[in-house]
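# Descriptive analysis of the structure
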Amino acid sequence: MIKTLVSPCTSGFGSQKLKFDRSCKKVKLRAVRMELTITQPDDWHLHLRDGDLLHAVVPHSASIFKRAIVMPNLKPPVTTTAAAVAYRESIMKALPNGTSFDPLMTLYLTDKTQPDEIKLARESGVVYAVKLYPAGATTNSQDGVTDLFGKCLPVLEEMVKQNMPLLVHGEVTDPSIDVFDREKIFIETVLQPLIQRLPQLKVVMEHITTMDAVNFVESCKEGSVGATVTPQHLLLNRNALFQGGLQPHNYCLPVLKREIHREAIVKAVTSGSKKFFLGTDSAPHERNRKESSCGCAGIYSAPVALSLYAKVFDEAGALDKLEAFTSFNGPDFYGLPRNSSKVTLKKSPWKVPDVFNFSFGEIVPMFAGETLQWQPLK
């Protein structure tokens, strides 16, 4: 629901209203306030880390999102159902009092994962998906898969039986492949053959970054292949890595791409397609680990994500499609009920903090120090 508050004697819709003067001429009148109420969103791709970092960042996600698919790439990785249950307990203990946030757990797929583990995961009631990290593709992926078809096929077949989605970090890791082409090559050499071989396997292509990924997802059957989309891949292109010097807080994996790819992703998510849904890939690192000689990949977007998604849809003239992207498409794909709670965003300028300070150090959020127009009401 979009609510605009203006002076009396107006008509129209949107961020501006029309007022008629005594000569019956239309005079534009700018709205003094605008609110947008939507079903409370979920985050279908989230990194919460563990230890002190978990306790620091989970309140930001829990204050906005009702549920989140929690990534398993810890040290050591979450490879078993027992480990996923234990990790969930740690998350629940770290939540602020009174929150209803529900972490949906995942398993980290390895060359050694067994089909029986998938059965246990389904029976647990807390594990909702399995994550494929090609070995070496991103943070803490060194234990990932080296040969998907040669070593993981029985597990994938069991996932079909258990209706357990496969979440894919879609990049090849061959060092001879240009980093900007790794998503495209992954689609051609891994993802397309996988879908052809196991057409009933539900697959989420995570944090898509290219026009190639958009075209692939759109070519697949609705309900069988979906995609999460991050705020950074909707708002930034690869120039953001280098403008004004090297920008470590804009560095993530998959890396930002050309403007033509960003535009294609924006067009896809604001089109109303049910195949794309919110997944922040919010990935916190301490400031000194980002601003270093070998900076970590990951953008911390949780505190600003919903504001940034609203910015994208507002600028595209598609605010009426924001709710489906943030709150409907994800649960529909996973076969889960939509949330009944609501969140209201107010169009009122606010400044993103330059940094969040914690006892162990600092975390710099996405769009640090910048002014955003939409803000969730607490």
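The structure contained in this document is the topic of the report that follows. Worth saying up front: this structure is predicted, and the values here are computed from it rather than measured.

### Quick look at the pairing of strand 8 (residues 102–108)
Summarising burial for strand 8: six of the seven residues are buried, a large majority. As paired strands, strand 7 (residues 67–70) and strand 8 are joined by three bridges and run parallel to one another. Opposite Arg67, over in strand 8, you have Asp102 as the bridge partner. In the classification by handedness, the crossover that spans strand 7, the intervening helix 2 (residues 81–94) and the parallel strand 8 is right-handed. Where strand 8 and strand 9 (residues 127–132) come together, four bridges link them in parallel fashion. Looking at the pairing, Met105 lines up with Val127 of strand 9.

### Considering the sheet that holds strand 12 (residues 225–229)
Spatial ordering of the open sheet is given by 6-7-8-9-10-11-12-13, a layout of eight strands whose pairing is parallel. Taken across any chain shown, the strands that pair with only one partner, and hence form the sheet edges, are strand 6 (43–46) and strand 13 (276–278). Averaged over all pairs of adjacent strands, the angle between strand axes in this sheet comes to 30°, irrespective of strand direction. Across three bridges, strand 10 (residues 166–168) lies against strand 11 (residues 203–205) in parallel orientation.

### Things to note about the nonpolar core
Counting 101 residues, the largest nonpolar core has Leu48, Leu166 and Phe276 as the members making the most contacts within it. At seven residues, helix 11 (residues 305–315) tops the list of elements feeding residues into this core. Ignoring any residue separated from it by four or fewer positions in sequence, one finds Leu48 in contact with Leu53, Leu54, Val57, Val58, Ser61, Val70, Tyr87, Ile91 and Phe101. Formed by 13 residues, the second largest nonpolar core is a distinct cluster that contains Trp44, Tyr133, Leu167 and Phe277.

### Some thoughts on empty space enclosed by the protein
The method is simple in principle: a probe with the dimensions of a water molecule rolls over the atoms, and the space it marks as empty is what remains. Under the defined criterion, the tally for this structure stands at four cavities of 30 Å³ or more. Roughly 140 Å³ of volume is contained in the largest cavity. In terms of lining residues, the largest cavity is bounded by 18 residues, among which His47, Thr138, Leu253, Asp281 and Ala283 are the most central. Class assignment for the residues of the lining of the largest cavity results in six nonpolar, nine polar and three charged. The calculated volume of the second largest cavity comes to roughly 70 Å³. For the lining of the second largest cavity, a count of residues per class yields eight nonpolar, three polar and one charged.

### Brief notes about the environment of Val304
Considering the arrangement of structural elements, one finds Val304 in the loop between helix 10 (287–290) and helix 11. In this structure, the C-alpha to C-alpha distance between Val304 and Pro376, residues 72 residues apart in sequence, is 9.2 Å. Non-local contacts of Val304, meaning those with residues more than four positions away in its chain, are made with Trp350, Val352, Met366 and Leu372.

### Overview of the packing of helix 3 (residues 115–124) against helix 5 (residues 153–162)
Where helix 3 meets helix 5, the axes come as close as 8 Å, and the angle between the chain directions of the two elements is 25°. By the angle between their axes, helix 3 is roughly parallel relative to helix 5. Seen along the crossing, helix 3 lies across helix 5 with a hand that is right-handed. On helix 5, the residues touching Pro115, Ile118, Lys119 and Arg122 of helix 3 are Pro154, Val155, Glu158, Met159 and Gln162. For the contact of helix 3 with helix 5, the per-class residue count stands at five nonpolar, one polar and three charged.

Criteria and thresholds
- Residues numbered from 1 in each chain as written.
- Predicted model: local features only at pLDDT ≥ 70, side-chain atom pairs only at ≥ 80, totals over all residues.
- Heavy atoms only, no water.
- Buried < 20%, exposed > 50% of the residue type's maximum accessible area, 1.4 Å probe, protein only.
- Helix = DSSP H or I, 4+ residues; strand = E, 2+ residues; numbered from the N terminus.
- Pairing = 2+ DSSP bridges.
- Right-handed = clockwise from strand over helix to strand, strands pointing away.
- Axes fitted to C-alpha atoms, helices over the stretch in contact; angles between N-to-C directions.
- Core = buried A, V, L, I, M, F, W, Y, C linked by side-chain atoms within 4.5 Å.
- Contact = heavy atoms within 4.5 Å.
- 1 Å grid on protein atoms, 1.4 Å probe; cavity = no way out; pocket = protein on both sides within 12 Å on 5 of 7 lines; lining within 4 Å.
- Points joined across faces, edges and corners; volume = space filled by probe spheres on them.
- Nonpolar A, V, L, I, M, F, W, Y, C, P; charged D, E, K, R; others polar.
- Parallel < 35°, antiparallel > 145°, perpendicular 65-115°, else oblique.
- Left-handed = near helix turned anticlockwise from the far one by under 90°.

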